[in-house]
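# Notes for the structure review
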Amino acid sequence: MNWIKRITLFLVVGCLLCGCTKSHIIKREGDDENSDMPQLSSEGILWEQVWEEFESQYADEAWYPFIDSVNGLIDPEKKQLDLYLLLKEEISPQEAADYATEAIKGFNDLIASQNSKYAYSSDSSYGGYVSLCNVYVMVGLEEYKEDKASWMIEDTIPAGEYRPVNPDALPTVETGEAGQEETGGDTGTEETATAE
């Protein structure tokens, strides 16, 4: 009976050692070590995670029942942040501007939570990362996203400048007449464009 215990013990130990000694079982040759993992940018930021958390927080209907979706682009080399905040119902321009200002600060704070090199936003700053960028923000109804003249807000804030999003920043659209521009939005008068 004693010899059966010894053989069983040797077999168990042998199986464990054989399974743990071959590194290619865990990692196949030729595979990128982190191919399934989000990649850290040169700034030390996981952009995929930032965008997922940004959408989760700022498109949350429990907190923002008027929002349809949030989208954006960041170009770290050009230091440009573009945010597109699409609404499912009309809100006042001031509410839209307040929401956009909060979203810009929140975007920065998601970055600051990943990399302590960047400061969080405050009452007088968009925060360490966003302050380095030119910020373009658009707020409008989702159903009119293709009609720039119908957007509620289109604002650009230069890098390093802090001011809340302007509720009176109406989109500028070209009228087609020699590159002339006019401000979009509801001006209280009705205009009809006709193609000749």
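To keep things clear, this report deals only with the structure shown in the data block. For clarity, every value in this text was computed on a predicted model and none was experimentally measured.

## Some words on the side chain of Ser 69
- Tracing the backbone through its elements, the reader meets Ser 69 in strand β1 (residues 67-75).
- Judged by relative accessible area, which is 17%, Ser 69 ranks as buried.
- Other than its neighbours up to four places away in sequence, Ser 69 contacts Tyr 84, Leu 85 and Leu 86.

## Quick notes on the pattern of salt bridges
- For the coordinates displayed, the defined rule picks out five salt bridges.
- Close ionic contact of Lys 148 with Glu 154 constitutes a salt bridge, the shortest N to O distance being 3.2 Å.
- With relative accessibility at 30%, the residue Lys 148 sits in the partly exposed group.
- The buried category is assigned to Glu 154, whose relative accessible area is 14%.
- Across the salt bridge formed by Glu 161 and Arg 163, the nearest N and O atoms sit 3.2 Å from each other.
- Taking the relative accessible area as the measure of exposure, Glu 161 reaches 35% and is therefore partly exposed.
- The partly exposed category is assigned to Arg 163, whose relative accessible area is 23%.

## A word on the side chain of Asp 155
- Checked against the element boundaries, Asp 155 lands in strand β4 (residues 153-157).
- Side chain to side chain, Asp 155 and Arg 163 meet in a polar contact 2.8 Å long.
- In terms of polar contacts, Asp 155 uses its side chain to reach the backbone amide nitrogen of Asn 166, at 2.9 Å.
- Among all residues touching Asp 155, those that are not within four sequence positions of it are Val 135, Tyr 136, Val 137, Arg 163, Pro 164, Val 165, Asn 166 and Ala 169.

## Let's talk about the sheet that holds strand β3 (residues 134-141)
- Strand order across the open sheet formed by four strands is β1-β2-β3-β4, with mixed pairing between neighbours. Because the sheet does not close on itself, it has two edges, and the strands there are β1 and β4. For this sheet, the mean inter-axis angle between neighbouring strands, taken without regard to orientation, is 10°.
- Bridge count for β3 against β4 is five bridges, and the pairing is antiparallel. Bridge assignment links Val 139 to a residue of β4, and that residue is Ile 153.
- Here helix α2 (residues 47-58) sits on the sheet in contact with β1 and β2 (80-87), set at roughly 155° to β1.

## Things to note about the pairing of β3
- For β3, the tally of buried residues reaches seven of eight residues, placing the bulk of the element in the interior.
- As paired elements, β2 and β3 share eight bridges and run parallel to each other. Residue pairing for β3: Tyr 84 is matched across the bridge by Met 138.
- Chirality of the crossover, the property in question, places the unit of β2, helix α3 (residues 93-114) and β3 among those that are right-handed.

## Section: α2
- Along its 12 residues, α2 runs 16 Å from first to last C-alpha, staying within 8% of the 16 Å computed at 1.5 Å per residue.
- The complete set of buried residues in α2 reads Trp 47, Val 50, Phe 54 and Tyr 58. All buried residues of α2 project into a common sector of 55° when viewed along the axis, lining one side.
- On its buried face, α2 sits against β1, β2 and α3.

## A closer look at the pairing of β1
- In the sheet, β1 pairs with β2 via eight bridges, with the strands oriented antiparallel. Residue pairing in the sheet places Ile 67 in a bridge with Leu 87 of β2.
- Linking two consecutive strands that pair antiparallel, namely β1 and β2, is a turn of four residues; a positive phi of about 55° is found at Lys 79 within it.

## Side note on the packing of α2 against α3
- Viewed as axis vectors pointing N to C, α2 and α3 meet at an angle of 140°, and their least axial separation amounts to 10 Å. On the basis of the axis angle, α2 is oblique to α3. Both α2 and α3 take part in a crossing whose hand is right-handed. Between α2, through Trp 47, Gln 49, Val 50, Trp 51, Glu 53, Phe 54, Gln 57 and Tyr 58, and α3, the contact on the second element is made entirely by Tyr 99, Glu 102, Ala 103, Gly 106, Phe 107, Leu 110, Ile 111 and Gln 114.
- In terms of residue class, the contact of α2 with α3 is built from 10 nonpolar, four polar and two charged.

The rules we used
- Residues numbered from 1 in each chain as written.
- Predicted model: local features only at pLDDT ≥ 70, side-chain atom pairs only at ≥ 80, totals over all residues.
- Heavy atoms only, no water.
- Helix = DSSP H or I, 4+ residues; strand = E, 2+ residues; numbered from the N terminus.
- Buried < 20%, exposed > 50% of the residue type's maximum accessible area, 1.4 Å probe, protein only.
- Contact = heavy atoms within 4.5 Å.
- Salt bridge = Lys/Arg side-chain N within 4 Å of Asp/Glu carboxyl O.
- Polar contact = N/O pair within 3.5 Å; in protein donor to acceptor, adjacent residues only side chain to side chain.
- Pairing = 2+ DSSP bridges.
- Axes fitted to C-alpha atoms, helices over the stretch in contact; angles between N-to-C directions.
- Right-handed = clockwise from strand over helix to strand, strands pointing away.
- Expected span 1.5 Å × (residues − 1).
- Arc of directions from axis to C-beta.
- Parallel < 35°, antiparallel > 145°, perpendicular 65-115°, else oblique.
- Left-handed = near helix turned anticlockwise from the far one by under 90°.
- Nonpolar A, V, L, I, M, F, W, Y, C, P; charged D, E, K, R; others polar.

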